Amino acid sequence: MMKAVQVTGYGDVDQLQVVDLLPPSPKQDEVLVRVKACGINNTEIWMREGAYGTDEESGWRPEGVQFPRIPGSDITGEVVEVGSGMDDSMIGRRVVLFPFTSSGQDGEEHIADDMSFIGSEYDGGYAEYVAWPAALCYDMPLDSFVDSAAFSVSGLTAWHMNEQIDIQPGQTIVVTGASGGVGSLNVQIAANVHGANVYAIVGDLKEADKLKALGASRVFSYRSETLADEILEANGGPVDAVLDVVGDALFKTSFEILKNGGKFCISGSAGGQTTHLDFRTLYLKHITMYGSVLGTREEFKAMLDAIAAGRIKPVIDRTFPLVEARAAQTYFKQKGKFGKIVLLP
Ligand SMILES: NC(=O)c1ccc[n+]([C@@H]2O[C@H](COP(=O)([O-])OP(=O)(O)OC[C@H]3O[C@@H](n4cnc5c(N)ncnc54)[C@H](OP(=O)(O)O)[C@@H]3O)[C@@H](O)[C@H]2O)c1
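Treat the numbers as computed from the prediction; the structure is a model and nothing was measured. (Residues numbered from 1 in each chain as written. Predicted model: local features only at pLDDT ≥ 70, side-chain atom pairs only at ≥ 80, totals over all residues.)

Where do I start with the overall build of the protein chain in this structure?
Of the regular secondary structure elements, the protein chain holds 10 helices and 17 strands. Relative to the 2.2 N^0.38 estimate, which gives 20 Å for 345 residues, the radius of gyration of the protein chain is 20 Å and therefore close to what a compact globule would have. Once the C-alpha set of the protein chain is aligned to its principal axes, its extents read approximately 60 × 40 × 40 Å. For the protein chain, the proportion of its 345 residues judged to be buried stands at 46%. (Helix = DSSP H or I, 4+ residues; strand = E, 2+ residues; numbered from the N terminus. Rg over C-alpha atoms; globule rule 2.2 N^0.38 Å. Buried ≥ 20, exposed ≤ 12 C-beta atoms within 10 Å, placed from the backbone.)

Whenever I open this one, the site of the ligand confuses me. Can you help?
What surrounds the ligand is a group of 31 residues, the closest being G177, G180, G203, G268 and G271. Of all the secondary structure elements, the ones that give two or more residues to the shell around the ligand are α1 (42–49), α3 (152–164), α4 (181–193) and α7 (248–257). Taken together, the residues that form the shell around the ligand break down as 12 nonpolar, 17 polar and 2 charged. A domain-level breakdown of the shell around the ligand finds at least three residues from each of domain 1 (2–150 + 314–344) and domain 2 (155–291). (Near = placed C-beta within 6 Å. Nonpolar A, V, L, I, M, F, W, Y, C, P; charged D, E, K, R; others polar. Domains from an automatic or database assignment.)

Teacher, can you tell me more about the sheet that holds strand β10 (residues 172–175) here?
Pairing between sheet strands relies on hydrogen bonds along the backbone, with the strands arranged either parallel or antiparallel. Pairing is parallel across the open sheet formed by 6 strands, whose spatial order is β12-β11-β10-β13-β14-β15. Each of the sheet's edge strands pairs with one partner strand only, and the pair in question is β12 (216–221) and β15 (288–291). If you compare each strand with its neighbour and ignore which way they point, the axes differ by 20° on average. Together, β10, β11 (197–202), β12 and β13 (239–244) form the strand contacts of α4, whose direction differs from that of β10 by roughly 170°. Along the sheet face, helix α6 (residues 227–235) touches β10, β11, β12 and β13 and points at about 160° away from the line of β12. (Pairing = 2+ DSSP bridges. Axes fitted to C-alpha atoms, helices over the stretch in contact; angles between N-to-C directions. Contact = placed C-beta atoms within 7 Å.)

How should I be thinking about the packing of α3 against α4 in this particular structure?
Angle between the axes and distance between the axes are the two parameters that describe a pair of packed helices. Running from amino to carboxyl end, α3 crosses α4 at an angle of 45°, the nearest separation of the two axes being 8 Å. Here α3 is positioned oblique relative to α4, judged by the angle of their axes. Like other packed secondary-structure pairs, α3 and α4 cross with a definite hand, here right-handed. Within the contact between the two elements, α3 uses S154, G155, T157, A158, W159, M161 and N162 and α4 uses G181, V182, L185, N186, I189 and A190. Across the contact of α3 with α4, the residue classes tally to 7 nonpolar, 6 polar and no charged. (Parallel < 35°, antiparallel > 145°, perpendicular 65-115°, else oblique. Left-handed = near helix turned anticlockwise from the far one by under 90°.)

Sorry if this is basic, but what is going on with the pairing of strand β17 (residues 340–344) here?
Put simply, side chains in a regular strand alternate between the two faces of the sheet. Extensive coverage of β17 is indicated by the burial of 4 of its 5 residues. Sheet topology places strand β3 (residues 30–39) next to β17; 2 bridges connect them, and they run antiparallel. Paired with G39 across the two strands is V342, which belongs to β17. Bridge analysis of strand β16 (residues 316–321) against β17 gives 5 bridges, and the strand direction is parallel. What sits directly across from P321, in β17, is L344.

So this is what it looks like as structure tokens:
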């Protein structure tokens with residue numbers, strides 16, 4: 001038997017139940033992974049809360065989630081068994097899992113209609129074992145299971161956002177939610193992979209030194225009433241692009257600080273899911289907007305290479321034992337954390 005945590009229906013953390021289950025059996029071309037660490041993402045919290053739905057509760061797909069479901073998508077572990085069609089050579093490999101399946105061609109897998117996510121459409125990593133296609137298991141980029149579990153969803157999302165806006169060295173890029181999972185990686189990728197001048201936005205300026213260590217040149221607080229003016233003054237004018245995960249709370253500021261022809265890329269809405277947009281700002285400033293979900297397998301591999309080369313570093317806030325998943329998700333939702341929360345089966 002294995003220990004696992006299941007979401008039993010839409011609702012609060014009480015819907016997370018610790019259960020004993022038979023481990024999954026790897027099917028053809030799959031492997032069984034003994035999970036060593038699983039990073040938490042907002043995705044599985046919104047999945048439990050049903051917060052992706054607009055008129056009614058739903059997962060990120062309109063048809064909703066089949067409960068019970070084991071959440072968790074940022075998984076590292078060791079291959080302990082292989083399904084039919086595979087030789088034993090993968091046994092013992094320490095792997096990180098690419099988090100979704102898709103029939104999309106290379107480069108388009110993240111926009112295919114049948115994209116199916118581990119932890120939503122498949123049982124995920126809040127468990128001692130998970131079965132997953134061998135072709136979507138990559139060698140761990142770092143020695144530590146915990147460190148290597150800090151990147152999958154947030155890192156792939158950040159990597160893809162950076163690719164979308166095609167950053168040129170020396171451009172000024174503003175990163176919102178910079179203390180969070182996606183934002184802290186946006187800071188690192190924009191600064192250390194693309195050579196951008198990165199301005200990070202956080203709530204509490206006591207995080208400033210940590211963000212500068214990750215690559216930010218300046219750090220601003222969204223609590224300041226003069227945030228837009230401070231950024232314009234620091235840059236000597238408007239900025240080239242905004243990488244956003246906050247949505248409504250900083251949308252007005254983003255459009256104020258963007259240059260004519262600037263780029264706005266959004267992958268999350270931690271600070272409000274709907275907003276007011278004056279179309280005149282959009283067209284008079286010739287702003288390009290990008291929506292972003294996850295990324296491609298090629299981008300995942302490029303990200304793992306950058307991690308192995310030390311250009312992107314794990315930012316871990318703290319770990320929790322798997323059986324404390326309720327406490328871990330509650331902690332994730334609180335303000336003031338810095339980086340990823342990781343569960344340990
Ligand atoms: N599209 C995708 O593929 C994808 C992938 C991963 C995540 N996401 C989404 O991206 C968002 C961020 O995810 P995450 O994992 O980085 O979450 P996280 O670690 O909780 O970070 C959220 C960040 O947003 C900031 N924030 C929250 N409310 C704010 C407000 N009212 N004003 C300004 N800043 C605010 C927080 O700053 P403070 O703590 O300082 O308040 C924190 O830095 C979520 O909406 C998530 O669902 C999307």
